[in-house]
Structure formats: structure tokens, C-alpha cells
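# Topology and contacts: notes
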Amino acid sequence: AITGWILFSIIKPLVFREAWRYNATLATLGLLAFCLALYAFHIGIGALHWTSKYRRTKDEDWYARWDEQRAENNVREHWNDVHHVVIVTAYKEETSNLKSVMYTLMAQKTHRSATERFCK
């Protein structure tokens with residue numbers, strides 16, 4: 001539908017010599033392309049921000065950091081009292097992909113030992 005509209009807007013002014021409609025159509029398409037470019041740029045900036053944040057914190061020992069803050073602030077919570085919820089968004093995903101995600105989550109280990117797992 002959009003392709004037909006674009007072709008019609010290009011051919012019609014050439015046949016009927018209606019330049020003002022042609023210019024308005026090009027201005028509209030140019031504005032639409034500019035908005036889409038801004039949107040793609042926004043996504044790219046967000047991805048760069050996320051990857052830089054990931055690189056800074058990927059080697060962080062979160063248990064040691066929590067332990068330091070616990071000692072400084074007299075926190076009574078135990079490390080095992082912290083619960084995480086993982087939400088896996090899936091729309092028309094293959095069952096094999098979802099199984100892979102679940103097996104990966106079940107294989108995660110705790111900070112204490114290689115035998116203790118998060119999922120029980």
C-alpha cells in the first residue's frame with residue numbers, strides 16, 4: 001500500500017504537471033525518513049550506553065560489594081534473603097529457544113560453591 005502510494009506520488013506529477021503536490025509528498029516522505037532516522041539513532045545511543053555499562057560492571061563481585069555495605073551499614077538481611085525474578089519475554093518463540101533459556105538459568109551457580117545452584 002505504501003509502495004503504491006509512493007509510486008503514484010512520483011508518476012502523477014510527471015503526467016499532470018502538478019509540481020506542488022509532488023513537493024508536498026516529498027516533504028512528507030522526507031520528514032518521515034528523518035523521524036525514522038532519529039528513532040534509529042536513539043536506539044543506537046541506548047545500545048552504546050548499555051554496552052558501556054555492562055563492560056564496567058561485568059567483572060564486579062556483587063557478593064563482596066554487598067558484604068562490604070552490609071558491614072558498614074549494619075544490614076541484617078542475609079544474602080539468601082535476596083530474591084530475583086527473571087522475566088523471559090517470548091512471543092511466538094521456538095520451544096527449543098525457551099528450553100535453552102530455562103536450562104541456562106537452572107545452571108547458574110551461587111557465589112559459595114560450584115555445587116549449590118540458584119534453581120532448586
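Here we summarise the structure given alongside this text.

Cut-offs applied
Residue numbers here run from 1 along each chain, matching the order of that chain's written sequence. In keeping with the model being predicted, local features are shown solely for residues with a pLDDT of at least 70 and side-chain atom pairs are shown and tallied solely at 80 or more, while totals for entire chains, interfaces and linings include all residues. Hydrogens and water molecules were not included; the side-chain quantities draw on all heavy atoms of the structure. Comment: elements are numbered from the N terminus, with helices defined as DSSP H or I runs of at least four residues and strands as E runs of at least two. Relative accessibility under 20% of the residue-type maximum defines a buried residue, over 50% an exposed one, and the middle range a partly exposed one, all with a 1.4 Å probe and only protein chains included. It only takes one pair of heavy atoms within 4.5 Å for two residues to be counted as in contact. We get accessible surface area from the Shrake-Rupley algorithm with a probe of 1.4 Å; when it comes to residues, only the shown protein chains can shield them. Aromatic rings from Phe, Tyr and Trp, with only the six-membered ring used for Trp, were paired whenever their centres fell within 6.5 Å, and each pair was classed as stacked if the ring planes differed by under 30 degrees, edge-to-face if by over 60, and tilted otherwise. Candidates for patches are residues over 30% relative accessible area with no salt bridge; among them, like charges are joined within 9 Å and nonpolar side chains (Val, Leu, Ile, Met, Phe, Trp, Tyr) within 5 Å. Whenever Lys or Arg places a side-chain nitrogen within 4 Å of a carboxyl oxygen from Asp or Glu, that contact is recorded as a salt bridge. Positive: Lys, Arg. Negative: Asp, Glu. His and the chain ends are not part of the count. For charged residues, the charge sits on one atom: NZ in Lys, CZ in Arg, CG in Asp, CD in Glu.

A count of helical and extended segments in the protein gives four helices and zero strands. Going residue by residue from the N terminus, the α and β elements of the protein occur as α-α-α-α. Looking at the protein as a whole, 5% of its 120 residues are labelled buried. A fraction of 15% describes how many contacts in the protein between residues 6 or more apart in sequence connect residues 24 or more apart. Of the accessible surface of the protein, which amounts to about 11,000 Å², a share of 61% is contributed by carbon and sulfur atoms.

Right, let's talk about the packing of aromatic side chains for a bit. For the structure on display, the rule yields one aromatic pair. With 5.5 Å between their ring centres and 5 degrees between their planes, Trp50 and Tyr54 make a pair best called stacked. Of this pair, Trp50 and Tyr54 both sit in helix H2 (residues 19–57), separated by four residues, roughly a single helical turn.

Take a negative patch on the surface next. Together, Asp59, Glu60, Asp61, Glu68 and Glu72 line one region of the surface with negative charge. Within the fold, Glu60 resides in the loop between H2 and helix H3 (62–73). Owing to a relative accessible area of 33%, Glu60 belongs among the partly exposed residues under this scheme.

Spatial relationships are all this shows, so hold off on functional conclusions.
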